[in-house]
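Here is how the chains run, residue by residue.
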Amino acid sequence: MSQANTSLPQGEPLTSADALEERLRSIGAARYHNLHPFHELLHGGKLTKGQVQAWALNRYYYQSSIPIKDAVVLSRFRDRRTRIEWRHRIEDHDGDVGSEGGIERWLQLTTGLGLDPAYVESTQGILPATRFAVDAYVNFVGRQSPLEAIASSLTELFAPTIHEQRIAGMLKHYDFINPTVMTYFQRRLEQAPRDANFALDYVRSHATTPEAREVVCQALAFKTEVLWVQLDALYHAYVSGFTPPGAFRPEEV
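Starting afresh in each chain, residues are numbered from 1 along the sequence in its written order. Two thresholds apply to this predicted model, a pLDDT of at least 70 for residue-level local features and 80 or more for giving and counting side-chain atom pairs, whereas whole-chain, interface and lining totals are computed over all residues. Calculation of side-chain values draws on the structure's entire complement of heavy atoms; hydrogens and water are dropped beforehand.

(A) Representation of the overall build of the protein. In terms of regular secondary structure, the protein is built from 11 helices and 0 strands. The size measure is the radius of gyration over C-alpha atoms, and the globule rule it meets is 2.2 Å times the number of residues to the 0.38 power. Computed over C-alpha atoms, the radius of gyration of the protein comes to 18 Å, within 12% of the 18 Å expected from 2.2 N^0.38 for 253 residues, which places it in the range of a compact globule. Counting only C-alpha atoms, the protein reaches 55 × 40 × 35 Å along its principal axes. To sort residues, take the accessible area from a 1.4 Å probe on protein chains only and compare it with the maximum for the residue type: under 20% means buried, over 50% means exposed, and anything in between is partly exposed. When burial is assessed residue by residue, the protein has 54% of its 253 residues classed as buried. Contacts are assigned to residue pairs with any non-hydrogen atoms lying within 4.5 Å of each other. For the protein, the proportion of contacts with a sequence separation of at least 24, taken over those separated by at least 6, is 80%. Under the convention used here, a 1.4 Å probe and the Shrake-Rupley method define accessible areas, while residue burial counts only the protein chains that appear. Carbon and sulfur atoms make up 51% of the accessible area of the protein, which totals about 11,400 Å². Per the convention used, a helix needs a DSSP run of H or I reaching at least four residues, while a strand needs a run of E reaching at least two, with both numbered from the N terminus.

(B) The pattern of salt bridges, seen in detail. Within this document, salt bridges are pairs made up of a side-chain nitrogen of Lys or Arg and a carboxyl oxygen of Asp or Glu, the two lying within 4 Å of each other. Summed over the entire model, instances satisfying the criterion amount to 14 salt bridges. Here Arg31 makes a salt bridge to Glu225, at a shortest N to O gap of 3.5 Å. Placement of the pair is Arg31 in helix H1 (residues 17–31) and Glu225 in helix H11 (residues 210–239), with a sequence separation of 194 residues. Since its relative accessible area comes to 23%, Arg31 is described here as partly exposed. Measuring nitrogen to oxygen at the nearest pair gives 2.6 Å for the salt bridge that ties Lys69 to Asp70. The class of Lys69 is buried, set by a relative accessible area of 3%. Sharing partners across several salt bridges, the network here consists of Arg89, Asp92, Glu156, Arg188, Arg194 and Asp195.

Structure follows, in structure tokens:
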């Protein structure tokens, strides 16, 4: 079984599924991107509208890549039951005929922030680090083992907390934010726990050796880094002020 290229401190031996789950939750507590300073600024009302636009624009690339990532994960499994369970993730983001999905809800956010939908969908203005990080995630689920592909989605265990913080904080602090544009996060409060529970049950059942459980933890740590580095790039470009050539500049929109 392949290993993700992420170094983690060694804890107690992972001799059981319960020990694995405890380690996974400790990784989330220490590494999830709700701890990043950029999110503290975003949720605390400390960003300008242009900085919020930059966050939403760059995050669109991640959101729009999730169904692509999930289609790759789906292709890794011969087991029909796993494919059926995983398939709804694609529908959650892409939507279906007559029903909107998460990508459309994210575009409601960017449009509500004053961004041209065609510009957002083109992804022309995103940061290079955003593109590299998200593409690395899509490549990861195709290259690593199917177990690691599922394990990397376990950041969803921690997503409801950040969604709650985001909804409350942004509605409280920004007069350009209203409940309609926050629909994406409201829906994920329902969807993320369902997805996380399946993935957690899967790794508990299929990672049956200490070595396999370590691999699961490495995969989750890799995913936390994918999320973290996107915020590093946003902070560097739009808080510290080192915006790379070709990237979105708020005054240009």
